[in-house]
Amino acid sequence: MNTSILESKLKRHKISYFNENGKIIIGKPKKDYLTLSGLVASPIIIGAGLSLFMLFEGIESFERHRWKIIPGIVFLFGTGFFNYTRITNKKQANDNLKTLDSKSIKIKNEFGEYIFDSKNIKDFIFSAEQIGEHTYEGNLYLLDNNERQYQILGFDDENEKYILNDLKWFTEYFMNHVRLKETVDNI
């Protein structure tokens, strides 16, 4: 099965993967220090710096602009912590190793290793929700025959339409990979 489109979509969502002899291994994201420093550390450091500056200079010095500076500081802290939460959630969603082997998906997590194919997969389900004013989060799960969910992917984007389109594409890709449609059609 051609994996070039899958790989480009994983790259676009910054989901770590490896192509090892035709097997796609998804998971164990690398630390993105540039994103951490730019979207998390910088706003928090700037907010802390402004707070300390106001504290040492005296709040009276900023009396005229106090109502602009204080909301700015709150905004900076909020932005830093919001981005940290987004990065942490994405890391947790894609932390487990998922190996796309021949007509199967192997999931390795802290509880063990599970192998899924068309015989023990009931369906793939996804969810999309708004997590910020302009940010949507999408998650794709494998549902086994015992109704247990295993997270396959998690990512976010600024456009709900892109999230939904990619979730539908990933669902179709994984269903075709394990030949789930063929099994459902034969029942």
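Predicted, not measured: the structure shown is a model, and the values here were computed from it.

**Some points on the overall build of the chain**
Alright, step 1. Secondary structure assignment for the chain yields five helices and eight strands.
Alright, step 2. Counted from the first residue to the last, the chain has its helices and strands arranged as α-β-β-α-α-β-β-β-β-β-β-α-α.
Alright, step 3. For 187 residues, the compact-globule formula gives about 16 Å, and the C-alpha radius of gyration of the chain, at 22 Å, lies well above that figure.
Alright, step 4. Per-residue burial over the chain gives 36% buried out of 187 residues.
Alright, step 5. The contacts of the chain with a sequence gap of at least 6 include a subset with a gap of at least 24, amounting to 55%.

**Quick look at helix α1 (residues 4–12)**
Alright, step 1. Taken residue by residue, α1 has Leu6, Glu7, Lys9 and Leu10 as its buried positions. In a view along the axis of α1, the buried residues occupy a sector of 165°, so they form one face of it.
Alright, step 2. Looking at the buried positions of α1, the neighbouring elements they touch are β1 (17–20), β2 (23–26), β3 (97–101), β8 (149–157) and α4 (160–177).
Alright, step 3. Once α1 ends, the next one or two residues include lysine 14, with phi positive near 55°.

**Structural notes on the confidence of the model for the chain**
Any region with low pLDDT has predicted coordinates that should not be read closely.
Alright, step 1. Averaged over every residue, the pLDDT of the chain is 87; residues scoring 70 or more account for 93%.
Alright, step 2. Ranking the helices and strands of the chain by mean pLDDT puts α4 first, with 95, and helix α5 (residues 180–186) last, with 58.

**A closer look at the side chain of threonine 99**
Alright, step 1. With respect to the element layout, threonine 99 can be found in strand β3.
Alright, step 2. Given a relative accessible area of 16%, threonine 99 falls into the buried group.
Alright, step 3. Dropping the residues within four chain positions of it, threonine 99 is found in contact with Lys23, Ile24, Ile25, Ser104, Ile105 and Lys106.

**Here's the deal with the pattern of salt bridges**
Alright, step 1. Considering all chains together, one arrives at eight salt bridges under this definition.
Alright, step 2. Between lysine 122 and glutamate 147 there is a salt bridge, and its shortest N-O distance comes to 2.2 Å. With lysine 122 in strand β6 (residues 121–132) and glutamate 147 in the loop between β7 (135–144) and β8, this residue pair connects regions lying 25 residues apart in the sequence.
Alright, step 3. Exposure remark for lysine 122: the relative accessible area of 45% places this residue in the partly exposed category.
Alright, step 4. By relative accessible area, which is 47% here, glutamate 147 ends up partly exposed.
Alright, step 5. The residue arginine 148 makes a salt bridge to aspartate 144 at a minimum N-O spacing of 3.2 Å.
Alright, step 6. Residue aspartate 144 is classed as buried on the basis of its relative accessible area of 3%.

**Thoughts on the packing of α1 against α4**
Alright, step 1. Where α1 meets α4, the closest approach of the two axes is 12 Å, and the angle between their N-to-C directions is 140°. Considering only the axes of α1 and α4, their crossing is left-handed. Contact residues: Ile5, Leu6, Lys9, Leu10 and Arg12 in α1; Asp166, Trp169, Phe170 and Tyr173 in α4.
Alright, step 2. Of the residues that constitute the contact of α1 with α4, the class distribution is six nonpolar, no polar and three charged.

**What to know about the packing of aromatic side chains**
Alright, step 1. Enumeration over the complete set of coordinates arrives at 10 aromatic pairs.
Alright, step 2. Relative to tyrosine 173, the ring of tryptophan 169 lies with its centre 5.3 Å away and its plane at 20°, an arrangement referred to as stacked. Of this pair, tryptophan 169 and tyrosine 173 both sit in helix α4, four residues apart, which is roughly one turn of the helix.
Alright, step 3. With a relative accessible area of 8%, tyrosine 173 lands in the buried category.

Calculation notes
- Residues numbered from 1 in each chain as written.
- Predicted model: local features only at pLDDT ≥ 70, side-chain atom pairs only at ≥ 80, totals over all residues.
- Heavy atoms only, no water.
- Helix = DSSP H or I, 4+ residues; strand = E, 2+ residues; numbered from the N terminus.
- Rg over C-alpha atoms; globule rule 2.2 N^0.38 Å.
- Buried < 20%, exposed > 50% of the residue type's maximum accessible area, 1.4 Å probe, protein only.
- Contact = heavy atoms within 4.5 Å.
- Arc of directions from axis to C-beta.
- pLDDT = per-residue confidence, 0-100.
- Salt bridge = Lys/Arg side-chain N within 4 Å of Asp/Glu carboxyl O.
- Axes fitted to C-alpha atoms, helices over the stretch in contact; angles between N-to-C directions.
- Left-handed = near helix turned anticlockwise from the far one by under 90°.
- Nonpolar A, V, L, I, M, F, W, Y, C, P; charged D, E, K, R; others polar.
- Phe/Tyr/Trp six-rings, centres within 6.5 Å; stacked < 30°, edge-to-face > 60°.

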